[in-house]
Amino acid sequence: MQFLITGGAGFIGHALARRLVELGHSVRVVDDLSAGDPARLPEDVIFARGDVNDVPRLWTLLQGVDCVYHLAARVSVPESVRYPREYNTVNVGGTVSVLEAMRDVGVKRLVFASSGAIYGEQAQQPLHEALPPDPRSPYAVSKLAAEHYIHTIGRLWQVETVSLRIFNAYGPLQQLPTAHPPVIPQFIRQALGGGSLVLHNNGAQTRDFVYLDDVVSALVAAATAPDVDRRIINVGSGVETSIRELALAVGEVTGRDVHLLNVGAESGGVSRMCADLTLARALLGYEPKVFLREGLQRMVEQDVRFSRLASREV
Ligand code: NAD
């Protein structure tokens, strides 16, 4: 099959591109490189630097494509609290642009990388897809709006659409932006560097950490699964872990005595998140395979190998 991945130079996108190429598919990527790194992509991938709101560019890239993975987005909850207009332009406007371009060219399926952040605060865990959304940040609002757009206009234009609500994905070589880095790679770097691990609200918040390879497996299955049109499907590990437990696990896996530093609550965050995987199992044949300790171990090994390589290059 021929795929286009928007945001394909990013953390999840590059791993998806690699898996699709390994499976014998043809892959094109469009990414504006606001966060991505095309050096991570396998050689056989056709890479185009561009914006998802550039519809004429998308027309060219979509020729002959069977399925689009729409991953391009601004992805930071705290940043979205400060710059909601940017999140609306890229995450909502960009999604509508991708769909318009797909309609114009006649591409039949869209797999959308949505987010577990849409659930917000809920009285019950694990979170299943029928719960009423309660977005607590502009990022979560933008993902919810994008879900509504793709399922509504997909039906009007006969484009098959499926939204995967991904929970907290992590994995080797996850990039560390200076502002608002993801918690796992930040904790690992801090632990290995002998620094303090910063906990908001005593680390009581919980998350469902899902390993990158498992997310990729769900995305791959969604491209060809029958009966997923206009479905919303959780992709997580099904395990609820507090940030304090995560910090202690990072300490164990890195073999360091970690110092925990408590600060106040973070704006836009939610208190508990754990994915119900019933639908993912039924519709995608999905089963998470890598759980937290093994995933952390793999990340630490990669990080150490990577920094040895980097220090040899200097
Ligand atoms: P990422 O930032 O590594 O990847 C996003 C990519 O989109 C980046 O390469 C960036 O350069 C690109 N991009 C941003 N704006 C663009 C634009 N206007 N035009 C073209 N490209 C643009 O993030 P990720 O973790 O790989 O996330 C991928 C997708 O999965 C996102 O849609 C994100 O919302 C979703 N998601 C991720 C997680 C997670 O835990 N990583 C959880 C839930 C949902």
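Quick caveat, the model's predicted, so the values are computed rather than measured.

A.B. asks: Tell me about the overall build of the chain, and name the residues and values.
C.D. replies: Helix and strand counts for the chain come out as 10 helices and 13 strands. The C-alpha atoms of the chain give 19 Å as radius of gyration, which agrees with the globular expectation for 314 residues (20 Å, within 12%). With respect to the three principal axes, the spread of C-alpha positions in the chain is 55 × 50 × 35 Å. Relative to its 314 residues, the chain shows a buried fraction of 52%. Long-range contacts, defined as pairs at least 24 residues apart, comprise 79% of the intrachain contacts of the chain with a sequence gap of at least 6. With an accessible surface of roughly 14,100 Å², the chain has 51% of that area assigned to carbon and sulfur atoms. Counting 30 positive and 34 negative side-chain charges, the chain places the centres of these two groups 1 Å from one another.

A.B. asks: Summarise the pattern of salt bridges; cite the residues concerned and give the values.
C.D. replies: Close approach of charged atoms lets side chains of opposite charge pair. Under the counting rule described, the total for this entry stands at 12 salt bridges. Here Glu-294 ties to Arg-298 by a salt bridge, and the two come within 2.7 Å at their closest N and O atoms. Taken as a pair, Glu-294 and Arg-298 lie in helix H10 (residues 292-313) at a separation of 4 residues, close to a single helical turn. One salt-bridge network, in which partners are shared between bridges, spans Asp-32, Arg-74 and Glu-86.

A.B. asks: Any chance you could break down the pairing of strand E2 (residues 26-31) for me, citing the residues and the numbers?
C.D. replies: With 5 of its 6 residues buried, E2 lies for the most part within the structure. Where strand E1 (residues 2-6) and E2 come together, 5 bridges link them in parallel fashion. Each bridged residue has a counterpart across the sheet, and for Leu-4 the counterpart in E2 is Arg-28. Judged from the 4 bridges that link them, E2 and strand E3 (residues 46-49) form a sheet pairing that is parallel. Each residue of the ladder has a partner; that of Val-29, found in E3, is Phe-47.

A.B. asks: Report on the layout of surface pockets, specifying residues and quantitative values.
C.D. replies: The calculated volume of the second largest pocket comes to roughly 530 Å³. Lining the second largest pocket are 21 residues, and of these His-14, Pro-172, Leu-173, Leu-212 and Gln-302 lie nearest its centre. Going through the elements one at a time, helix H1 (11-22), helix H7 (212-224) and H10 are the ones with two or more residues in the lining of the second largest pocket. Element by element, the count of residues in the lining of the second largest pocket is highest for H1, at 5 residues. Among the residues forming the lining of the second largest pocket, the class breakdown is 9 nonpolar, 4 polar and 8 charged.

A.B. asks: So what's going on with the side chain of Thr-241? Residues and values would help.
C.D. replies: Looking at the element boundaries, Thr-241 is found in strand E12 (residues 241-242). Taking the relative accessible area as the measure of exposure, Thr-241 reaches 10% and is therefore buried. Those residues in contact with Thr-241 that sit more than four places away from it in its chain are Gln-205, Thr-206, Arg-207, Phe-209, Leu-246 and Leu-292.

A.B. asks: Before we move on, can you summarise the sheet that holds strand E11 (residues 231-235) with the specific residues and values?
C.D. replies: Strand pairing in a sheet takes place through backbone hydrogen bonds and is either antiparallel or parallel in direction. An order of E3-E2-E1-E4-E5-E6-E11 is seen for the 7 strands of this open sheet, with the pairing classed as parallel. Only two strands of the sheet have a single neighbouring strand rather than two, namely E3 and E11. Recorded for the sheet is a direction-independent mean angle of 20 degrees between the axes of neighbouring strands.

A.B. asks: Give me the lowdown on unusual backbone geometry, citing residues and values where you can.
C.D. replies: Gln-125 connects to Pro-126 through a cis peptide bond whose omega is -5 degrees. For Pro-126, the location among the structural elements is in the loop between strand E5 (109-115) and helix H5 (138-156). With a phi close to 70 degrees, Asn-202 is a non-glycine residue in the positive phi region. Checked against the element boundaries, Asn-202 lands in the loop between strand E8 (196-200) and strand E9 (206-207). Classification of Asn-202 by relative accessible area gives partly exposed; the value is 43%.

What counts as what
- Along each chain, numbering runs from 1 in the same order as the chain's sequence is written.
- Per-residue local features of the predicted model are confined to residues with pLDDT of at least 70, and side-chain atom pairs are confined, for both listing and counting, to 80 or more; whole-chain, interface and lining totals are unaffected and use all residues.
- Water and hydrogen atoms play no part in the side-chain values, which are based on all heavy atoms of the structure.
- Starting at the N terminus, helices and strands are each numbered in turn, a helix being any DSSP run of H or I of at least four residues and a strand any DSSP run of E of at least two.
- Within these notes, the globule rule equals 2.2 Å times the number of residues to the 0.38 power, and the radius of gyration is based on C-alpha atoms.
- Type-normalised accessible area, obtained with a 1.4 Å probe on protein chains alone, sets the label of each residue: buried when under 20%, exposed when over 50%, and partly exposed for intermediate values.
- For this analysis, residues touch if any pair of their heavy atoms sits within 4.5 Å.
- What sets the accessible areas is the Shrake-Rupley method with a 1.4 Å probe; for residues, cover comes only from the shown protein chains.
- In summary, the charge assignment counts Lys and Arg as positive and Asp and Glu as negative, without counting His or the chain termini.
- Every charge is mapped onto a representative atom, which is NZ of Lys, CZ of Arg, CG of Asp or CD of Glu.
- A pairing counts as a salt bridge when a side-chain nitrogen of Lys or Arg comes within 4 Å of a carboxyl oxygen of Asp or Glu.
- Paired strands, in this sense, are two strands between which DSSP finds at least two bridges.
- Cavity: a set of points on a 1 Å grid over the protein atoms alone where a 1.4 Å probe fits but cannot get out. Pocket: an open set with protein on both sides within 12 Å along at least five of seven lines, its lining residues, like those of a cavity, having an atom within 4 Å of a point.
- Grid points are joined across faces, edges and corners, and a volume is the space filled by probe spheres set on the points.
- For this scheme, ten residues count as nonpolar: Ala, Val, Leu, Ile, Met, Phe, Trp, Tyr, Cys and Pro. Four count as charged, namely Asp, Glu, Lys and Arg, and the remainder, Gly too, count as polar.
- Orientation is described by axes fitted as lines to C-alpha atoms, over the contacting stretch for helices, and by angles from 0 to 180 degrees between their N-to-C directions.

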